[in-house]
Amino acid sequence: GPANSTESLNNAVESSLPGFDVTMDGKLRIITLNKPTTKNAFTLGMYVGFAKLLKDAAEDPNTTIVAVTGAGNMFSSGNDLTAFTSFTGTVREAAEEGKRCLNIFVSSLIDFPKPIIGVVNGPAVGIACTILGLMDAVYATDRGWFQTPFSALGQSPEACSSHTFPKLMGSLKANEMLFFNKTITATEACKLGLVTSVIPDANFQSEVWPKLKEWSELPQKSLVHSKELSRQFDRELLHKVNEAECDRLLERWQSSDCMEAVMKFFSKNAK
Amino acid sequence: GPANSTESLNNAVESSLPGFDVTMDGKLRIITLNKPTTKNAFTLGMYVGFAKLLKDAAEDPNTTIVAVTGAGNMFSSGNDLTAFTSFTGTVREAAEEGKRCLNIFVSSLIDFPKPIIGVVNGPAVGIACTILGLMDAVYATDRGWFQTPFSALGQSPEACSSHTFPKLMGSLKANEMLFFNKTITATEACKLGLVTSVIPDANFQSEVWPKLKEWSELPQKSLVHSKELSRQFDRELLHKVNEAECDRLLERWQSSDCMEAVMKFFSKNAK
Amino acid sequence: GPANSTESLNNAVESSLPGFDVTMDGKLRIITLNKPTTKNAFTLGMYVGFAKLLKDAAEDPNTTIVAVTGAGNMFSSGNDLTAFTSFTGTVREAAEEGKRCLNIFVSSLIDFPKPIIGVVNGPAVGIACTILGLMDAVYATDRGWFQTPFSALGQSPEACSSHTFPKLMGSLKANEMLFFNKTITATEACKLGLVTSVIPDANFQSEVWPKLKEWSELPQKSLVHSKELSRQFDRELLHKVNEAECDRLLERWQSSDCMEAVMKFFSKNAK
């Protein structure tokens, strides 16, 4: 596993891209979010990069299972908000580029044909939390917490969370996160179905990786067929939900609600 | 909140109708079921009245969130069974009028575009329980309990509960309520996903209302978009389910199963 | 109930078939899996036989509720793997016959119009576990455990479990069973929604049967309508899922993954 950096280096695969480390452990492919300066936040480039990494994983006959984890203490802080301030074009152009990249990123998860497992080594915020609903299993350290502050930032749900979260948790529980910015612990997330199981932080790495490696030795066709069966009748709807969510965000990202919230975020963090 | 009757009177809005109090607390609109003689049971007139109140709430730009609660110790005892005995026309006409009013009532909940939250201050029976599945969050006092005695009264599910309850609880849990008249506590309802969270009765009013008022200050478009995203791909099916349920009830209300059960109910209560 | 063998004999109905006992207790019809030599495993003949028994139950006006239970200490060990070794034709013919029988069996559960309840008196493996997701309620002894070793046997989900398990448990929990062969206890199954409630083994028979008999006295039309409402908008999809699962299994049963796994199973059991 990625906890052992020597092993990681030895098994590094060439398909890695800025912001990610990609390693193989037998037939288990591990994608590690690695951008310490922004707590593994996703830039627009990383959205497209991640989709490229999944394409590689899908095409590699030696990859049976993909794990996604984070370097350091966070899983990921979510969407890199500097995208809102650093873009050189108009606000509309920035929002459209954001929408395009987000759509590619989420589509790649909807269509990924092999089991993909979240190894949540710390807090997961925003898009780093919502993508878990498109994965096949999620293991979280008890240090983790989960937050999707959409309306607090003048935004709205993404990564099909408006569909997957109600399906996983029931709508009456999901809406506290989706509408009202509720933060939940890993234990709460596990009760609600957003996390498959929680592992004490001290044992997290040593418990998760051997299990995943063992599973990656199972018959690949059985796993791929099982995933396809559970995804195929939902896939068309998931793509529609992704489109609808991206359309809403295109409007939201250009709204004063969003601009003011993002400005407030940066001025608070600058203090 | 409605616990403070002076404030309620001060903020009373003109749109109120028989059986309801309607008040504003900032951008939070509170609809209180208030018919002490029948423990807040819904008459046919109240079904249509409630739909009218939701139309007002949807159209008012100053309303961000709607809360529904009950006056006194009950949330509501459900459908007012005197509709079965007081109607002046034929049984078929009574059943058809019941179906028409129920359909309008449930449709208004399916289509309501803003977050609507159940503030369940006591037991919720029948339709007062089933409508919770069409709301966006439900907070319940620990004094509350939940019951849908459909087959005990020779009837069948309504308010889309044949769809929402299995979605919230899983079918194997939901059917104990939907088929077999099981009564559950607030704590059980919370585990099953029919209640977002349970609050001790002593703190219920003081905990719920400030939270809801705070949420009503969130960006309205973020809330409306979030709700639309989670409802839009389910709305057509919900209307079909409502139609199907109303059709079944039209038959049930004219059946001897139902008539005998209702007669038994009144003769038991008359003792 | 079937615990009382004298009563069972007295109430035996003529429609029983090899591998099953069928008895009536008032309006409650009890189908008992009874094949001690293979721990109540389903042969191909039993798949078709079970569908025939459900047809009888649907057509009998005196049957309100059907219960399915197992004789002895097991509920059922699942698919009788000797079907793979005893068939006289080609592997392809064996797989096609298996697919045909499985499809009939699962279809009969999808279409059954009355409440059907699992009375899980012991461990439920494979198809005996997956069919529970198509039932309307499931009561399990605390001695029970649940396992669907699809990929361990080179196979893939069946009985619509690729649809019902994620719906009941949430996909992130369900996939540990569906993809990765996880065994769960009755208590875990209850938390996950695969079991309605768990009963201590000492009281299991004495608690379950009176409750089911009482429910069988409820108005039959209310029960049938309630079931139809909760099934009708899902039925078409369930049949599609069944078809897709059977197609996948047709391929899997002819694969070397499956053959090797079944051989290993028999050689291990032969020691």
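No experiment lies behind these values; they were computed from the predicted model shown.

## Re the interface of chain A and chain B
Opposite the 26 residues of chain A that make contact, chain B presents 30 residues. Summed over both partners, the interface of chain A with chain B comes to about 2300 Å²; 65% of that surface belongs to carbon and sulfur atoms. Looking only at chain A, the three residues that lose the most surface to chain B are Leu172, Phe179 and Phe180 of chain A, adding up to 33% of its buried area. Taken together, chain A and chain B are joined by 0 salt bridges. Taken together, chain A and chain B are joined by 11 residue pairs in polar contact (both at pLDDT 80 or more). Among the elements of the structure, helix H7 (171-178) and helix H11 (235-253) of chain A are those that each provide at least two residues to the side of chain A that touches chain B. By residue number, the principal contributor to the side of chain A that touches chain B is H11 of chain A, which donates 8 residues. In terms of residue class, the side of chain A that touches chain B is made up of 9 nonpolar, 9 polar and 8 charged.

## Re the sheet that holds strand E5 (residues 124-125) of chain B
Residues and elements named next belong to chain B. Spatial strand order, E5-E7-E8: 3 strands in an open sheet with mixed pairing. Single-partner strands in this sheet number two, and they are E5 and strand E8 (184-185). Pairing of E5 with strand E7 (residues 145-147), which is carried by 2 bridges, proceeds in the parallel orientation. For Val125, the partnering residue across the bridge sits in E7 and is Gln147.

## Some details on the interface of chain B and chain C
At the interface, 26 residues of chain B touch 30 residues of chain C. Together, the buried faces of chain B and chain C total about 2400 Å²; carbon and sulfur atoms form 65% of this surface. Linking chain B with chain C are 0 salt bridges, by the criterion used here. The interface formed by chain B and chain C holds 11 residue pairs in polar contact (both at pLDDT 80 or more) in total. For the side of chain B that touches chain C, the secondary structure elements donating two or more residues are helix H7 (171-178) and helix H11 (235-253) of chain B. Ranked by residue count, the leading element in the side of chain B that touches chain C is H11 of chain B, at 8 residues. For the side of chain B that touches chain C, the residue count by class is 9 nonpolar, 9 polar and 8 charged.

Definitions and limits used
- Residues numbered from 1 in each chain as written.
- Chains lettered and ligands numbered in written order.
- Predicted model: local features only at pLDDT ≥ 70, side-chain atom pairs only at ≥ 80, totals over all residues.
- Heavy atoms only, no water.
- Contact = heavy atoms within 4.5 Å.
- Buried area = accessible area lost by both parts, 1.4 Å probe.
- Salt bridge = Lys/Arg side-chain N within 4 Å of Asp/Glu carboxyl O.
- Polar contact = N/O pair within 3.5 Å; in protein donor to acceptor, adjacent residues only side chain to side chain.
- Helix = DSSP H or I, 4+ residues; strand = E, 2+ residues; numbered from the N terminus.
- Nonpolar A, V, L, I, M, F, W, Y, C, P; charged D, E, K, R; others polar.
- Pairing = 2+ DSSP bridges.

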